[in-house]
Each structure stands twice: as structure tokens, then as C-alpha cells.
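Single-letter residue listing:
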Amino acid sequence: MTKTLRRAAAALLLCASALTAPLASADTDGKPTTATIHGDRPGPVYDKRIFTQFAEHLGTGIYGGLWVGNDKSIPQTNGFRNDVIAALRNLAVPVIRWPGGCFADEYHWREGIGPRNKRPVKVNTNWGGVTEPNAVGTHEYFELLRQVGAEAYISGNVGNGTPQEMAEWIEYITAPAGSLADERARNGHKEPWALASFGIGNELWGCGGNMSAQYASDVTKRYSTFLKVPAGKTLVRIAAGANGGDYNWTEVTMREAAKQLDALSLHYYTLPQGGWPPKADPVKFGETEWADTLAATWKMDELIAGHARIMDKYDPQKRVFLAVDEWGTWYAPDPGTNPGFLRQQNTLRDALVASVNLDIFAKHADRVRMTAIAQMVNVLQAMILTEGRKMVLTPTYHVFEMYKPWQDATVLPIDIATPWYNKDKFVMPAVSGSAVRGKDGKVHVGLSNLDPNQPNTVTVKLDGINVATVTGRVLTAQAINAHNTFDAPETVRPVPFTGAQVSGGTLTVALPPKSVVVLDLQ
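Residues numbered from 1 in each chain as written. Predicted model: local features only at pLDDT ≥ 70, side-chain atom pairs only at ≥ 80, totals over all residues. Heavy atoms only, no water.

**Q** What exactly am I supposed to notice about the pattern of salt bridges here?
**A** Think of it this way: side chains of opposite charge can pair up when their charged atoms draw near. Scanning the entire structure with this criterion turns up 22 salt bridges. Its salt-bridge partner being Arg 116, residue Glu 140 comes within 3.0 Å of it at the nearest N-O pair. One end of the pair, Glu 140, is in helix H3 (residues 138-148); the other, Arg 116, is in the loop between strand E6 (95-98) and strand E7 (122-123), and 24 residues separate them in sequence. Ionic pairing is found between Arg 473 and Glu 401, a salt bridge with its closest N-O pair at 2.9 Å. Note that Arg 473 is positioned in strand E24 (residues 470-475) and Glu 401 in helix H10 (residues 395-402), a separation of 72 residues in sequence. A relative accessible area of 31% places Arg 473 in the partly exposed class. (Salt bridge = Lys/Arg side-chain N within 4 Å of Asp/Glu carboxyl O. Helix = DSSP H or I, 4+ residues; strand = E, 2+ residues; numbered from the N terminus. Buried < 20%, exposed > 50% of the residue type's maximum accessible area, 1.4 Å probe, protein only.)

**Q** What is the right way to look at the state of the cysteines in this model?
**A** Every disulfide links exactly two cysteines, by a covalent bond between their sulfur atoms. What the rule picks out here adds up to one disulfide. What pairs with Cys 102 in a disulfide is Cys 207, and their sulfur atoms sit 2.1 Å apart. What sets the handedness of the Cys 102 and Cys 207 disulfide is the S-S torsion sign, and at about -85° it is left-handed. Here Cys 102 is found in the loop between E6 and E7, whereas its partner Cys 207 is found in the loop between strand E10 (197-200) and helix H6 (213-225), with 105 residues between them in sequence. Given a relative accessible area of 31%, Cys 207 falls into the partly exposed group. (Disulfide = S-S within 2.5 Å.)

**Q** Could you clarify how one ought to interpret the sheet that holds strand E21 (residues 431-437) in this entry?
**A** To summarise the sheet geometry, strands pair through backbone hydrogen bonds and adopt either a parallel or an antiparallel arrangement. Strand order in the open sheet made by the seven strands is E2-E17-E21-E22-E28-E24-E25, with antiparallel pairing throughout. Across the chains shown, the open sheet's two edge strands, defined by having one partner strand only, are strand E2 (45-46) and strand E25 (495-496). Inspection of the sheet shows E24 paired to E25 by two bridges, in the antiparallel sense. Its bridge partner being in E25, Arg 473 is matched across the sheet by Pro 496. (Pairing = 2+ DSSP bridges.)

**Q** Teacher, can you tell me more about the pairing of strand E19 (residues 420-423) here?
**A** Remark: a regular strand shows side chains that alternate across the two faces of the sheet. Relative to strand E20 (residues 426-429), E19 is paired through four bridges, and the arrangement is antiparallel. Along E20, the bridge assignment pairs Lys 423 with Phe 426. Remark: two residues form the turn of the hairpin made by E19 and E20, two consecutive strands paired antiparallel; Asp 424 in that turn has positive phi of roughly 55°.

**Q** Would you mind showing me how to read the layout of surface pockets here?
**A** In this approach, a probe sized like a water molecule rolls over the atoms, and the result shows the empty space that is left. There is about 320 Å³ of room inside the largest pocket. What lines the largest pocket is a set of 20 residues, among which Glu 203, Tyr 269, Trp 276, Glu 326 and Trp 330 lie closest to the centre. No other element matches the three residues that strand E12 (residues 263-270) contributes to the lining of the largest pocket. Split by residue class, the lining of the largest pocket holds twelve nonpolar, five polar and three charged. (1 Å grid on protein atoms, 1.4 Å probe; cavity = no way out; pocket = protein on both sides within 12 Å on 5 of 7 lines; lining within 4 Å. Points joined across faces, edges and corners; volume = space filled by probe spheres on them. Nonpolar A, V, L, I, M, F, W, Y, C, P; charged D, E, K, R; others polar.)

**Q** Quick question: what am I supposed to make of the sheet that holds E10 here?
**A** Reading around the circumference, E3-E6-E9-E10-E11-E12-E13-E14 is the order of the eight strands in this closed barrel, with parallel pairing throughout. Put simply, the sheet's adjacent strands are angled 25° from each other on average, direction ignored. With two bridges joining them, strand E3 (residues 52-54) and strand E14 (residues 368-373) adopt parallel strand pairing. If you follow Gln 53 over to E14, its bridge partner there is Ile 373. (Axes fitted to C-alpha atoms, helices over the stretch in contact; angles between N-to-C directions.)

In C-alpha cells form, the structure reads like this:
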């Protein structure tokens, strides 16, 4: 390696966990990985909201993916397809962000209430120029939440909406009685709904208004002033935060508006092959593209650390949390699809992107208390793909299912010393990992081998953890671009893992190449 690459690799290794052990150096290439899990030094809670899902009026993310209305050919309950709902319930989805995204910046909530046959049909100017029937509005969204068992996170329209419009929407949702509560009752729902979180706009630096940081912070304070809920209720107010590494945005927002906020968002997409606009093929790629994508994923650690340092300066008590409410891979759309629908196939590579990000969020769980992968169904790094009556679960879905024990678990610090994996100019730690003590009392360990060619034996010292047995599952496949299709839906799926053993306070794990392994210790 060159000196520059060694420095990059050392920085990336820090991303693997909250390291306290000495860093591995370049001459560890080809050697096994060692780690220590500190069960005697429990960390913060891994907030279940880190598993938030995102459903935007974009392509077939809502219509066809979730909502089928009165289509009798697809089993549904109150318009929402039963197969997708069952799959989401199996993930224990805690929160669903809606209606956008950029769609939220032009969404007027009154167009989505009342009789569906009287709702205006609009043009979705952000995503494909197709018609938006407004068939899924506020009442339908809360029915979706009821069926999934999730909490509400609504993004309000700051782009071309008013503070009055936003305040009235919150009153319509939450008021127990009064004019807007009566209107809600006339539209079919007498009791108020629970509104957990509200986004004060979306991407104010871009599709939400192309604002400067100073102007956006003033607008945020103004709108936040009018976000009121009934006495005895609380509302998490989330400001539209930075795009990737725009640290000045966080600096200005925290300095000017922190007192009016409960959280600040961050958006970062894994964009291989030179970044914007997305060029990478979601399926046709080789090892260089594999490495490019995973190296770009590791940047999440650097970004969170940088924004967290600024937030610490203005909020050392960490009252205001960081909500990474858009993340995931963004490739060129699948061939033959509407480019504005952002539909992309999902491979084993995406599964590794998901596990690395979930590990990074564990490292920063003191500040990161919500994230939302983009998106839930049929859009970008989706959990689920549908086509008519057909549905298939993606490799990313399986990672989220494997990591379910992380929801509201206690993070256990993990130090990892791992060899580098490098391909061409892309260098990164070969192994990523995180550990938690779940609400079930068990210790759960996630380990991912990013090297697509070489297995890696990980030896883990268990400090303050008494373990008698270990069980687990592994997600891998023959090819780096393996993916699930409607004709072959189980090409990439978790299977029992027998490559781990525990003895004398040491856990030994034989990680296959290009794999995600989740272990349960008890």
C-alpha cells in the first residue's frame, strides 16, 4: 500500500467500532481478526427508531407497493396489501416516515382527506411526472401504521406550505375536540391519532427550497413555534439537517435554532462510481464496483462523527439527537423502468451496506437515535419488491430481520483489529461488527466480512460476559451480485450458522467471504 492508502485504511478501521485497542497496521493483511466485547462497560440504548422505514409518494413505493385500493386480485385489508403488511410486521417496523422526501415539499394535506372520489388529482413533479391521485392521505397513512404496528413520523411542507397549514395539520391529527377534530370525525375517525415525530420540512438546502443555512434556521424556528400538540402530549420536532458533509449547515442550525428542536436530520446516500448522478448498475458489477460501494458506505462514520462534534459544542447533554432519516444505496434505475421511479434491484452487496451502517449507528448510538433507510418498498434500497400480485424480500430485508434484537437493546462497546480489504484504489476494514445486550437478556453479535474472496477467522474476547452456548445465522451467496427475483425468491436468505464456538471466555467465528453473521450468546 502507498502511505496515503495506509492513512485512509487506518481512518476507516476506526469506523468499525468504538476502538480502544491498538489499530491494526498494513502488515496485518491476510491475518485473522481479533476483537473484544466489553460486557462490563454497557453503552447507550440502540434506539428502535434506528430501524425506521421511509415511504414516499414515489414510483410504486405507495401505489402498488403498499396500497392497492379496491383491487380484488390482491388480498388486502382496507386497501393495503396483506403480504407486504405481514412482511413489515415481521420486521417489527417501529416508525414510518411519510409522505416524503421531496414529495413532502409540495404536499398539501387537505388534498388527501375526505371522500377519495373528490380528492384532486395532481402531477408528481418530483418523481416521474405521473399523476398523484391522493388516494393515500392522512387517514390512510394512520391505517397503515395501525396495521404495521408503527409510530408516525410526518414530514411537513415548508417548501411551498405555510406555518398555518402545518399547524392545522397537527391539530387535525391530534386534537381531542374542536373544529378540526370535528372535521376529522366527519371524515371517519373520531378519536385523535398519536403523532410521535414531525419533520420541519425536508432538504431545505435542495428540493425543499434551496435555502442558505442561515435562512433555513430562521424558517425552522418560525415553523417550529406553531407546532403545538394538546396538553400532556409531546412531539419530537426534527429539523431538516445537512446534506452529507455540509458541516456549516449543522453549525448554523445548532447555533441558531437548537432550542426549538429535538432532533436534526442528516441525509447521506452510498453513491459509487463517481457520485451524482447515479451511474452504477444495481446488478451488473464486478469486484471493483463492490469495493467502491462498500468504501463509500464507510464514509457514514466520518460524517456522523463530524456532525456530532458540532452538536456536542452546542448541546453537550445530547438532548438534540441526530436523525439519519435518509440513507442507503442509490444506483442507476433498473433497465426498462421509469427513471423517475428510482426502482433498483437489491443484491448481496446491499446487504453488506446495510449491516455496515447498522454497526456504525451502534458506535454512535449516544447521538444517533433515529435513522430511515430509503426506502421501504420498490424504491432505492428497498426491503420489499412487488410486481402485481408478486412480492419478494430483498437481501437488505433479511439483514434488518437478523438485526431485530438490536431494537432498544444496550450497546456493548466492541474493539476490532482487522486486516484491510482492498481492491484497486478502494481500501477498508475487512470486518465490521457491533454487539448488544438485548431486551431478552442475551448478547447479540453482528459480524460482516466485506472481503468477497477470503474467509476471516474472528477471535473475540468476552469481557464481563458469561456464555455457555452460541447459535446464529449467516447471509451469503455464491456471487457478489446474487439477488432475489420473483422466480427465485430465496437465492439470498439467512441459514443456520455453525461456524462459531465459545470456550473459556473467548468466541471464535469463522466468517465466510462476503457474509453477514448474527450470533446469539447465552
